[in-house]
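Residue-level structure breakdown
Here's the letter readout for the chains.
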Amino acid sequence: QQPVQSPQAVILREGEDAVINCSSSKALYSVHWYRQKHGEAPVFLMILLKGGEQKGHDKISASFNEKKQQSSLYLTASQLSYSGTYFCGTRANAGGTSYGKLTFGQGTILTVHP
Amino acid sequence: DVKVTQSSRYLVKRTGEKVFLECVQDMDHENMFWYRQDPGLGLRLIYFSYDVKMKEKGDIPEGYSVSREKKERFSLILESASTNQTSMYLCASSSLGGVSYEQYFGPGTRLTVT
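**So, unusual backbone geometry**
Of note, the bond from S6 of chain A into P7 of chain A is cis; its omega dihedral lies within 30 degrees of zero at -5 degrees. Along the chain, P7 of chain A turns up in the loop between β1 (4-6) and β2 (9-13). Notably, A77 of chain A is not glycine yet its phi reads approximately 45 degrees, a positive angle. As for its placement among the helices and strands, A77 of chain A is situated in the loop between β8 (70-75) and β9 (84-91). Of note, the phi angle at D28 of chain B is positive, near 60 degrees, even though the residue is not glycine.

Take a look at the structure:
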């Protein structure tokens, strides 16, 4: 079952902050975040492993609450280059033949205006 | 520079035709994936392969089959194309090593079935 992302879309002005949430009904081993700019392939941003860690990538950071099976992506002081569709991908198992497989959410469209 | 290439960016086929979508990666990755991307539905996994000649069904395998005869090449086959298979198809690959299992995506093939 796909994780659920919210909101579905968000519009910002440069410099504003945004939070994108990803919720799963299953217990998770890891959460992966990707960004897809318009007309381009999705690109990996970061991974969060079971353990409640928080990671950062430039001014983009994320947290993972494994008890709630939720992850949040934080975009601070947004830039025009942040525009795109953000996907979370979840992995339930640490091992087995399917351990490279991710289940992606439906995506959140982020638009940053000047 | 790592690369995943797909045989066509745009493809138009007629209902009932057999369609082959090809994907090649040059990173010696063990895992390869086929997704379809539809607005509001995100990335949905069709099939996954973790080794040559090995495959696993994803979340939406109906109407599709795959072939992996060589490590670098993963083909998606639509045995008898239907209009509801009109979509963007993305191929990805990832390594079995490391922690992140970062997926590298190809540019996508936009398939229209008329």
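Following the structure, the description resumes.
**Digging into the sheet that holds strand β1 (residues 4-6) of chain B**
All names here are of chain B. Taking strand neighbours across the sheet as the criterion, the four strands line up as β1-β3-β8-β7 in an open arrangement whose pairing is antiparallel. Strands at the two margins of the open sheet, each flanked by one partner only, are β1 and β7 (64-70). Across the sheet, the mean angle separating the axes of adjacent strands is 20 degrees when strand polarity is ignored. Direction of pairing for β7 relative to strand β8 (residues 73-78): antiparallel, over a ladder of five bridges. Pairing of V66 across the sheet is with L76, part of β8.

**Some thoughts on the state of the cysteines**
All names here are of chain A. Within the structure shown, the criterion is met by two disulfides over all chains. Paired by a disulfide, C22 and C88 hold their sulfur atoms 2.0 Å apart. Of note, the bridge from C22 to C88 carries an S-S torsion of about 75 degrees and is right-handed in sense. Residue C22 is located in strand β3 (residues 18-23), and its partner C88 is located in strand β9; the two are separated by 66 residues in the primary sequence. The exposure class assigned to C88 is buried, which follows from its relative accessible area of 0%.

**Some details on the interface of chain A and chain B**
Across the contact, 22 residues belong to chain A and 26 residues belong to chain B. Interface area, chain A with chain B, both sides summed: about 1900 Å², of which 57% is carbon and sulfur. At the level of elements, β4 (30-36), β5 (43-49), β9 and β10 (103-104) of chain A are the ones that each hand at least two residues to the side of chain A that touches chain B.

**Things to note about the pattern of salt bridges**
Residues and elements named next belong to chain B. Within the structure shown, the criterion is met by six salt bridges over all chains. Its salt-bridge partner being E69, residue K53 comes within 2.4 Å of it at the nearest N-O pair. Here K53, found in the loop between β5 (42-51) and β6 (54-57), pairs with E69, found in strand β7; they are 16 residues apart in sequence, far enough to count as distant. Sharing partners across several salt bridges, the network here consists of R36, D38 and R44.

**Let's talk about the packing of aromatic side chains**
Residues and elements named next belong to chain B. Summed over the entire model, instances satisfying the criterion amount to 11 aromatic pairs over all chains. Seen from their ring centres, F33 and F48 are 5.0 Å apart, and the 10 degrees between their planes marks the pair as stacked. Residue F33 is located in strand β4 (residues 31-38), and its partner F48 is located in strand β5; the two are separated by 15 residues in the primary sequence. The class for F48 is buried, based on a relative accessible area of 0%.

Criteria and cut-off values
Residues numbered from 1 in each chain as written. Chains lettered and ligands numbered in written order. Predicted model: local features only at pLDDT ≥ 70, side-chain atom pairs only at ≥ 80, totals over all residues. Heavy atoms only, no water. Helix = DSSP H or I, 4+ residues; strand = E, 2+ residues; numbered from the N terminus. Pairing = 2+ DSSP bridges. Axes fitted to C-alpha atoms, helices over the stretch in contact; angles between N-to-C directions. Disulfide = S-S within 2.5 Å. Buried < 20%, exposed > 50% of the residue type's maximum accessible area, 1.4 Å probe, protein only. Contact = heavy atoms within 4.5 Å. Buried area = accessible area lost by both parts, 1.4 Å probe. Salt bridge = Lys/Arg side-chain N within 4 Å of Asp/Glu carboxyl O. Phe/Tyr/Trp six-rings, centres within 6.5 Å; stacked < 30°, edge-to-face > 60°.

Don't take any of this as a statement about function, it's just geometry.
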